[in-house]
Amino acid sequence: MPLIRLRPRARCCYLSSMPPEVIRLIVNGESREVPSGASLLQLLERFDLDPRLVVVELNRQIVRRPALAGTRVRDGDQVELVHFVGGG
Amino acid sequence: MSAAWQDTALAIGGRTFRSRLIVGTGKYRDHATMVGAHAASGAEVVTVAVRRVDLDRTKEEGLLYHLDPKRYFLLANTAGCYTADDAVRYARLAREAGFNEFIKLEVIGDQQTLLPEVEELLKATRTLVADGFQVLAYTNEDLVTALKLQDAGAAAVMPLASPIGSGLGLLNPFAIRTIKSRLTVPVIVDAGVGTASDACVTMEQGVDGILMNTAIAEARDPVAMAHAMRLAVEAGRAAYVAGRMPRREVAVPSSPAKGMLG
């Protein structure tokens, strides 16, 4: 665990036309950084999740499996990744 | 099952099932015990819950690795939801994760008793029915609520025997019989069964099935209890269909009174 978390340089504003290298999402209630331009499918891969077993909600809208690869996340997006667990 | 007794199928929301026992997947000590209990129960429908993936997990296997969707019909629940909006959100996620449009709708109104929030339950039922769901609504043993759920389009109404996870058994057989006698949709008793005799007595009230989780999962030997529950549900059902003898306050001899020695 780093003692000091450096903000990514690309978030600085001196080159406003350049997109940031990483963006921040809220995934399952936790702040997470992902590369800019990442798709939801890439987000699942990053967490080692099988897209057939996980349902993705992006800003409270369900994104169906065929659309995961083509849906890019943006800074500040809220993502929920859910699956089936034991229950009665 | 012997040739002397052949039950009709249980029909819910356009599907038919041979087993009248629906079992849960929660609280098992390990996946192998759950798989063994499911097989011993003879159930075709198993319930599951929808929750966030643990992002920091160490490559643990998900529930679906242990549940064959070809063998079991997955009935997702909305357990833990306290409002209609939350329940509808969970139901839609479940439909996307699952393989069917069935939902076990729970909208809880009280944390200590886990009794249903009836207004929100009815609201969620109407929304989900309009959205194409087959709603199996967990409710209390109140006839008027059960009738309202049926009117709202529920595919089945699921009154409790006693509070969820309590194992107190069937507390109000009269109320359950009343609901069963007045509804046309299937009545599945959901929650409260503690042991095999509870399941048998519940089925003897004439209900269409029972849903249980804790009674099996928390038994000392869940596989053996699942077997017992299967027998109890079948026995109770057969006894109901057979029609019990009348209760009498006096003894009536089983052997002839005539022909005794003088």
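Residues numbered from 1 in each chain as written. Chains lettered and ligands numbered in written order. Predicted model: local features only at pLDDT ≥ 70, side-chain atom pairs only at ≥ 80, totals over all residues.

J.: Just checking my understanding: could you explain the overall build of chain B for this structure?
T.: Counting its regular elements, chain B contains 8 helices and 10 strands. Computed over its C-alpha atoms, the radius of gyration of chain B comes to 20 Å, within 12% of the 18 Å expected for a compact globule of 262 residues. For chain B, the spread of C-alpha atoms along the three principal axes comes to 85 × 40 × 35 Å. Here chain B holds 262 residues, and the buried ones make up 45% of them. Long-range contacts, defined as pairs at least 24 residues apart, comprise 63% of the intrachain contacts of chain B with a sequence gap of at least 6. (Helix = DSSP H or I, 4+ residues; strand = E, 2+ residues; numbered from the N terminus. Rg over C-alpha atoms; globule rule 2.2 N^0.38 Å. Buried ≥ 20, exposed ≤ 12 C-beta atoms within 10 Å, placed from the backbone. Contact = placed C-beta atoms within 7 Å.)

J.: How should the overall build of chain A be read in this particular structure?
T.: Within chain A, the regular secondary structure consists of 1 helix and 5 strands. Reading the secondary structure of chain A in the N-to-C direction produces β-β-α-β-β-β. Every one of the 88 residues in chain A was classed for burial, and the buried ones make up 20%. Summarising the internal contacts of chain A: among those between residues at least 6 apart in sequence, 47% fall at separations of at least 24.

J.: I'm lost on the interface of chain B and chain A in this one. Help?
T.: Each side of the interface is counted separately: chain B has 26 residues, and chain A has 21 residues. For the side of chain B that touches chain A, the elements supplying multiple residues, two or more each, are strand 4 (45-52), strand 5 (73-77) and helix 2 (84-97) of chain B. Broken down by element, the side of chain B that touches chain A gets its largest block of residues, 6 residues, from strand 4 of chain B. The class makeup of the residues in the side of chain B that touches chain A is 12 nonpolar, 8 polar and 6 charged. Pairing between strand 5 (residues 78-86) of chain A and strand 4 of chain B: 5 bridges, direction antiparallel. Directly across from Gly-86 of chain A, in strand 4 of chain B, lies its bridge partner Val-48 of chain B. (Nonpolar A, V, L, I, M, F, W, Y, C, P; charged D, E, K, R; others polar. Pairing = 2+ DSSP bridges.)

J.: I keep staring at the confidence of the model for chain B and nothing clicks. Help me out?
T.: Predicted coordinates in regions of low pLDDT should not be interpreted in detail. Here chain B averages 94 in pLDDT, and 97% of its residues register 70 or above. Taken together, the chains of this predicted complex give a pTM of 0.89 and an interface ipTM of 0.87. (pLDDT = per-residue confidence, 0-100.)

J.: Looking at this structure, I do not really get helix 6 (residues 196-204) of chain B. What am I missing?
T.: Structural remark: α-helix, 3.6 residues per turn; residues separated by three or four positions point the same way. Residues and elements named next belong to chain B. With 7 of its 9 residues buried, helix 6 lies for the most part within the structure. Those residues of helix 6 that sit buried are Ala-196, Asp-198, Ala-199, Cys-200, Thr-202, Met-203 and Glu-204. Buried residues along helix 6 sit in contact with strand 9 (188-190), strand 10 (209-212) and helix 8 (222-242).

J.: Just to check I follow, could you spell out the environment of Glu-57 of chain A for this structure?
T.: Tracing the sequence through the fold places Glu-57 of chain A in strand 3 (residues 55-58). As a C-alpha pair, Glu-57 of chain A and Ser-36 of chain A span 21 residues in sequence and 19 Å in three-dimensional space. Leave out the neighbours within four places in its chain, and Glu-57 of chain A touches Ile-62 and Glu-80 of chain A together with Leu-93 of chain B.

J.: Help me understand the nonpolar core, please; the structure alone is not making it clear to me.
T.: Note that soluble globular proteins tend to have their nonpolar side chains buried in a common cluster. Residues and elements named next belong to chain B. If you look at the biggest cluster of nonpolar residues, it comprises 93 residues, and the most contacted ones within it are Leu-105, Leu-136 and Met-229. Tallying contributions element by element places helix 2 first for this core, with 8 residues. If near-sequence neighbours (up to four positions away) are discounted, Met-229 is found in contact with Leu-21, Ser-41, Ala-196, Ala-199, Met-212, Ala-215 and Ile-216. (Core = buried A, V, L, I, M, F, W, Y, C linked by C-beta atoms within 7 Å.)

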